[in-house]
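Structure assessment
Okay, here's what each chain looks like letter by letter:
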Amino acid sequence: MSDTTTLTTADAEAFRERCREFLSEHAKPGARRDLEAARAFQAALAEAGLAGLTYDTEFGGAGLTLEHERIFRQVAQEFPAMTGELVISHGMCLPVLNEFGTDEQKRRYMPDNIAARTVWCQMFSEPGAGSDVASLQTRADRDGDEWVLNGQKVWTTLAHRSDYGVIVARTDPDQPKHAGISMFIVDLKAPGVEIRPIHQIDGGSHFNEVFFTDVRVPADNLLGEMNNGWRQATAMLMYERVAIGSMGSGAISQPMYDLLLGAAKATGRIDDPVVRDELMKVYAMETTKSLIAMRTRAELKAGKAPGPGGSLGKLYSSVISWRFREIAMEIAGAGSQAWEPGDALGQMMQSVVLNSFQAGIAGGTDEIQRNIIGDRVLGLPRDISVDTKMPFRDLKVGTQR
Ligand SMILES: Cc1cc2nc3c(=O)[nH]c(=O)nc-3n(C[C@H](O)[C@H](O)[C@H](O)COP(=O)(O)OP(=O)(O)OC[C@H]3O[C@@H](n4cnc5c(N)ncnc54)[C@H](O)[C@@H]3O)c2cc1C
């Protein structure tokens, strides 16, 4: 990332105006918000020299400062968010590429990622390895100039629309479970990759099962050091928690409250004192969440790598989603689960209510965030681990018996 120098007031204002001009033209209210729209927006952003603001120009970024990024985020708060579908590509895969990639890998992959000419996904979870990702069984075995991947990933968001995945696989089962893991860049169009979409409760199909059968991965697609994948995976999860927990964190905002307020007005429940009380709680919680996110951003701006504190924002997002669901059901009743054709409010509420369940699972469950906050932020005693010293192949995890 670029330096942390402070801009002059005039430069900051000029940049703010540049951002506002761009967003007025490209982030119009009512614009489509799917992946294709996100890609088109990102391409225009890159064309305007505003994509990947803090990444080096050599690797496709704009080479600007964290202060520029903060200004962009602040201005972007005034416009509809256009790139939600790229949060994994840009919030997780890109920083990991930047931190652990060789210069050659960065030159090869980052410019296309930044401009969304390619889409990337995160391939960690397996049927037997979710919260305990280090129990993963997908194997990568070296064969000449290539690695051979065999195994299965699950819940891989957007794999069916992605070009590349950042995957963790076991490269040495004789080492303890956290030690024999490596990270790779995998081409999802390679022979032997089979992607099966999973159907969701809201009718969508956003994530997938992905099967690897003798998939050949070039040796130079190893990302970072061999058998250092656990440390890198932990770094990626921290980027993930920051990305989820501090989304749109340029300023204080209350998007869930705004949605609920609109619904309460539309359904005539706005004068109900219980509803008003609940709305104020959401308002207060979202304000607090914005402040947590701003603190996280300030720490990043000061040059700190994302740490376990990112779990606070992530957990808080989940808590807000739970409360949102309760109040939405109170306000909209059955309309929060089903809607008549043409009932835009019902359709939107249903989508947000049904999707609220994922907030406490994706990116690490609430229980795991609480464990992290307990262990690593508050310094409480850790859970006793009984399986961290034994060779992975002797553990009874996943399908190993
Ligand atoms: C919408 C969505 C998108 C996702 N996208 C991706 C993706 O793109 N890439 C990817 O790799 N994965 C993805 N995931 C998977 C996600 O990371 C896992 O679902 C999550 O880490 C939990 O793992 P699990 O489902 O295997 O549950 P488990 O780990 O089996 O957990 C089951 C229950 O046990 C609890 N539990 C487990 N261990 C402990 C413990 N030590 N202490 C206390 N409680 C514990 C959990 O909190 C949970 O309640 C996604 C998930 C969702 C819902």
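Fair warning: this is a prediction, and the values are worked out from it, not measured in the lab. Throughout, residues of each chain are indexed from 1 in the direction in which the sequence is written. Only residues with pLDDT of at least 70 get local features here, since the model is predicted, and only at 80 or more are side-chain atom pairs given and counted; chain-wide, interface and lining totals rely on the full set of residues.

1. Examining the site of the ligand
Condition: By definition, a residue lies near a molecule or strand provided its backbone-derived C-beta atom is within 6 Å of it. Here a helix means four or more residues in a row that DSSP labels H or I, a strand means two or more in a row labelled E, and each is numbered from the N terminus. Three residue categories are used. Nonpolar comprises Ala, Val, Leu, Ile, Met, Phe, Trp, Tyr, Cys and Pro, charged comprises Asp, Glu, Lys and Arg, and polar comprises the others, including Gly.
In the neighbourhood of the ligand, 20 residues make up the surrounding shell, with Phe124, Gly130, Ser131, Ala362 and Thr365 lying closest. Residue assignment for the shell around the ligand shows that the elements contributing at least two residues are strand E1 (120-123), strand E3 (146-157) and helix H11 (366-377). Considering only residue class, the shell around the ligand consists of nine nonpolar, 10 polar and one charged.

2. A look at the domain arrangement of the chain
Here is the rule we go by: Domain delimitation follows an automatic or database domain assignment. In this description, any two residues whose backbone-derived C-beta atoms lie within 7 Å of each other are considered to be in contact.
Split into domains, the chain comes out as domain 1 (9-114), domain 2 (120-226) and domain 3 (246-364). Computed from C-alpha coordinates alone, the two centres of domain 1 and domain 3 are separated by 24 Å. Tallying the contact residues gives seven residues for domain 1 and eight residues for domain 3. Class assignment for the residues of the side of domain 1 that touches domain 3 results in three nonpolar, two polar and two charged.

3. Things to note about unusual backbone geometry
The cut-off we apply is this: Remark: C-beta atoms are placed from the backbone, and a residue is labelled buried if 20 or more other C-beta atoms sit within 10 Å of its own, exposed if 12 or fewer do, or partly exposed between those counts.
With a phi angle near 65°, Trp155 is a residue other than glycine that sits in the positive phi range. Mapped onto the elements of the fold, Trp155 is located in strand E3. One non-glycine residue, Asn227, adopts positive backbone phi at about 65°. In this fold, Asn227 is placed in the loop between strand E8 (222-223) and helix H6 (229-245). We classify Asn227 as partly exposed; it has 16 C-beta atoms within 10 Å.

4. Looking at the nonpolar core
Threshold: A set of buried residues drawn from Ala, Val, Leu, Ile, Met, Phe, Trp, Tyr and Cys, joined through C-beta atoms within 7 Å, is what defines a nonpolar core.
Grouped together as the largest cluster of nonpolar side chains are 72 residues, with contacts concentrated most on Val166, Phe184 and Val186. Per-element accounting of this core gives the leading share, nine residues, to H6. Two domains each provide a minimum of three residues to this core, namely domain 1 (9-114) and domain 2 (120-226).

5. Things to note about the environment of Thr399
With respect to the helices and strands, Thr399 occurs in the segment after H11. Look at Thr399 and you get exposed, because 9 C-beta atoms sit within 10 Å. Between the alpha carbons of Thr399 and Arg241 there is a distance of 29 Å; along the sequence they are 158 residues apart. When residues no more than four places from it in sequence are discounted, the contact partners of Thr399 are Gly128 and Gln137.

6. Examining the packing of helix H9 (residues 310-332) against helix H10 (residues 344-355)
Basically, it comes down to this: Orientation is described by axes fitted as lines to C-alpha atoms, over the contacting stretch for helices, and by angles from 0 to 180 degrees between their N-to-C directions. Orientation labels follow simple angle bins: below 35 degrees gives roughly parallel, above 145 gives roughly antiparallel, 65 to 115 gives roughly perpendicular, and whatever is left gives oblique. By definition, turning the near helix anticlockwise from the far helix through less than a right angle yields a left-handed crossing, and turning it clockwise yields a right-handed one.
Put simply, H9 and H10 touch, their axes get as near as 10 Å, and they point 150° apart. Classified by the interaxial angle, the pair formed by H9 and H10 is roughly antiparallel. Where H9 crosses over H10, the handedness of that crossing is left-handed. Facing Phe324, Arg325, Ala328, Met329 and Ala332 of H9, the residues of H10 in contact are Gly346, Met349, Val352 and Val353.

7. Considerations on the environment of Lys153
Relative to the helices and strands, Lys153 is located in strand E3. Separated by 37 residues in the primary sequence, Lys153 and Ala116 place their C-alpha atoms 24 Å from one another. Lys153 has contacts with Met123, Ser125, Glu126, Thr138 and Val210, leaving out every residue within four places of it along the chain.

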